[in-house]
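Chain by chain, the residues:
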Amino acid sequence: MSYFQIAWQWLTSAQQWHGSDGIPVRLVQHLQYTGIALGIALIIALPAGLAMGHLRRGGFVVVSVANFGRALPTLGLLVLIFVLTSGSPASWLVPLVVLAIPPILVNVYEGVLGVDPDLTDAARGMGMTEWQVLRKVEIPVATPLILLGLRISAIQVVATATIAAYIGLGGLGRYIIDGLARDEYNVVAGGAAVIVLLALAIQALFTLLRWLIVPVGLRRETQTSR
Amino acid sequence: MPNNSSRCAAAPAPAPAPAPAPAPARTTIRTAAVAVAALACLTAAACSSSSSSSKSSSSSNPLVPSATGSVIVGSANFPEDELIAQIYVDALQGKGIKVTSKFNIGAREVYYPEIEKGAITIIPDYNGALLTTSVNPNSTATSTAAVNAELTAKLPPALEILNSAPAQDKDSITVTQATATKYHLTSISDLAPVAKDLVIGGPSEFQTRADGVPGLKKIYGLTFKSFQPLDESGPITITDLASGKVQAADVFTTTPQIITDHFVSLADPKNDFAAQNVTPLVYKKGVNSTTVSTLNAVSAVLTTDALLEMDKALIIDHASYTQVASGFLTQEGLK
């Protein structure tokens, strides 16, 4: 029997869909971890990226943070923080935020930095303040890249939030870690399938967001030239 | 049954194996003499390998992969096993036996075939894990006596186990000193009145495997408040037990943090967890009576507490293998 069939059987059996170990409960926990980590990363990386992009400085910082964040082993960081904080239940948060920041920061910075200087010069010539230039010109023009950063970040975090199970918490990672430990490969395959579906759903959500948010005038341009 | 190779999560990189002692120059003549003796021995069916008593006849023998007077001590790839192997090496050298070290070979799946064909002569093993990994995966033996009896009966003819040490590196229900004092706990049986208020932690599979949560219920009648999945006696388990997130946890009996974090491993009088006594596994033809008696003398004094202290010195205090091994033998008057 293929892994698809094993995963499908597990997914479709009724007992997986209720109780404290059921898929709905695990899914909600997983989305909580993902949402909180993304929210905090956004609060940190979005203003930082906008400011550095607008002021056209700090490129070195952005590159350093991006490389630093990518180089850090998430699981190692998780265990390190868990041990250093004597088992704080929020140990999962730091590694996920560290993972989520670089894509947002880089793309927001690059998005704002890449706005055509003719546009911002024209805006300033019309008498806009710096704040208005950022809000009315740079952010709208940078929207496709900002969304791209968020999307990459969200998909990485939703896939990596499985590590919360490593320190005894819930989420969809429980199925993978418990299943591996107990030689229950249908649970591993089923749990992994749910996570893959979730990542695909997030991809779809961002495609939709892009359709809704990116200004009409930009869409044609981004489709042809970017 | 946990694989012993994964037992020490916080283990440092193993130290390089000490160089073997240089061979004496007179070997050739003695080898020839022994070759003749061995040939005679092979033709006499009653001549047992371990019966060669006089030292002069126990030199290197080209007909047998590892001759009676020179042995090859191997070890698995985790610090505790390497340490015990170093103790064997040290003790055997003290008796004038030529020893070659072949440490850090791998997991049991790797070293067992090696000793079966005599490529190594002696390896410190754990009787319960040896039985269920390499000899009889379906064994239900749990006590030291039962495990050893089954091993003696079922090991391949080329191999035998020597006397088991009292020292065990096995699963245990471990609590903090504070919890033990509060509820007067010394054995798992003492948990009966309080288990319902305690959260127990362990690796994920502990919830389902026979000697885990189901075994504690079946053998000791314990039902805990809940089960918390942690890791295999590693940093997550230690941290959560110390912080009180779980009040009892599956911790291996020679985990050094038992000393540093003041934990108490509860006794297991009904043998829920199979015995894991440190036991020398030997290639029969490669050992003589001096070797056997030397290893048995080491086993006689190697207790769980002694092993725990040595693991702590090794892993927490970063002492060297040779230093710890030599210190132990001196302390026990074996050196």
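Right above here is the structure, for reference.
Residues numbered from 1 in each chain as written. Chains lettered and ligands numbered in written order. Predicted model: local features only at pLDDT ≥ 70, side-chain atom pairs only at ≥ 80, totals over all residues. Heavy atoms only, no water.

1. Here's the deal with helix α1 (residues 3-12) of chain A
All names here are of chain A. Defined as follows: Burial status follows relative accessibility: with a 1.4 Å probe on protein chains alone, a residue under 20% of its type maximum counts as buried, one over 50% as exposed, and anything between as partly exposed. Only DSSP runs of H or I with at least four residues qualify as helices, and only runs of E with at least two residues qualify as strands; both kinds are numbered from the N terminus onward. Summarising the geometry, the arc corresponds to the directions from the helix axis toward the C-beta atoms. Contacts are assigned to residue pairs with any non-hydrogen atoms lying within 4.5 Å of each other.
Considered for burial, the residues of α1 that qualify are Ile-6, Ala-7, Trp-10 and Leu-11. Within α1, the buried residues cover an arc of 130° as seen down the axis, which keeps them to one side. When the buried face of α1 is taken as reference, the exposed residues oriented beyond 90 degrees from it are Phe-4 and Trp-8. Residues of α1 that are buried sit in contact with α2 (23-55), α8 (173-181) and α9 (185-213).

2. Details of the side chain of Thr120(A)
Structurally, Thr120(A) can be placed in helix α6 (residues 117-125). Setting aside anything within four residues of it in sequence, one finds Thr120(A) in contact with Val115(A), Val133(A), Val137(A) and Glu138(A).

3. What to know about the sheet that holds strand β7 (residues 226-230) of chain B
All names here are of chain B. Spelled out, the test is: Should DSSP find at least two bridges between two strands, the strands are taken to pair. Note on geometry: axes are lines fitted to C-alpha atoms, helical ones only across the stretch in contact, with angles between N-to-C directions running from 0 to 180 degrees.
Pairing within the open sheet is mixed, and its 5 strands lie in the order β7-β6-β8-β5-β9. Each of the sheet's edge strands pairs with one partner strand only, and the pair in question is β7 and β9 (263-265). Mean inter-strand twist for the sheet, computed between neighbouring axes without regard to direction, equals 35°. Pairing of strand β6 (residues 199-203) with β7, which is carried by 5 bridges, proceeds in the parallel orientation. Across the sheet, Gly-201 pairs through a bridge with Gln-228, a residue of β7.

4. Points about the pattern of salt bridges
Here the idea is simple: oppositely charged side chains can pair when their charged atoms come close. Residue and element names in this part refer to chain B. Applicable threshold: In the sections that follow, a salt bridge refers to a side-chain nitrogen of Lys or Arg positioned within 4 Å of a carboxyl oxygen of Asp or Glu.
Within the structure shown, the criterion is met by 14 salt bridges over all chains. A salt bridge links Lys-335 to Asp-90; the shortest N-O distance between them is 3.3 Å. A residue pair is termed long-range when its members are at least 10 positions apart, and Lys-335 in the segment after α12 (321-331) and Asp-90 in helix α2 (residues 79-94) qualify at 245 residues. Exposure remark for Lys-335: the relative accessible area of 54% places this residue in the exposed category. Judged by its relative accessible area of 11%, Asp-90 is buried. The structure contains a network of salt bridges with shared partners spanning Asp-171, Arg-209, Asp-211 and Asp-250.

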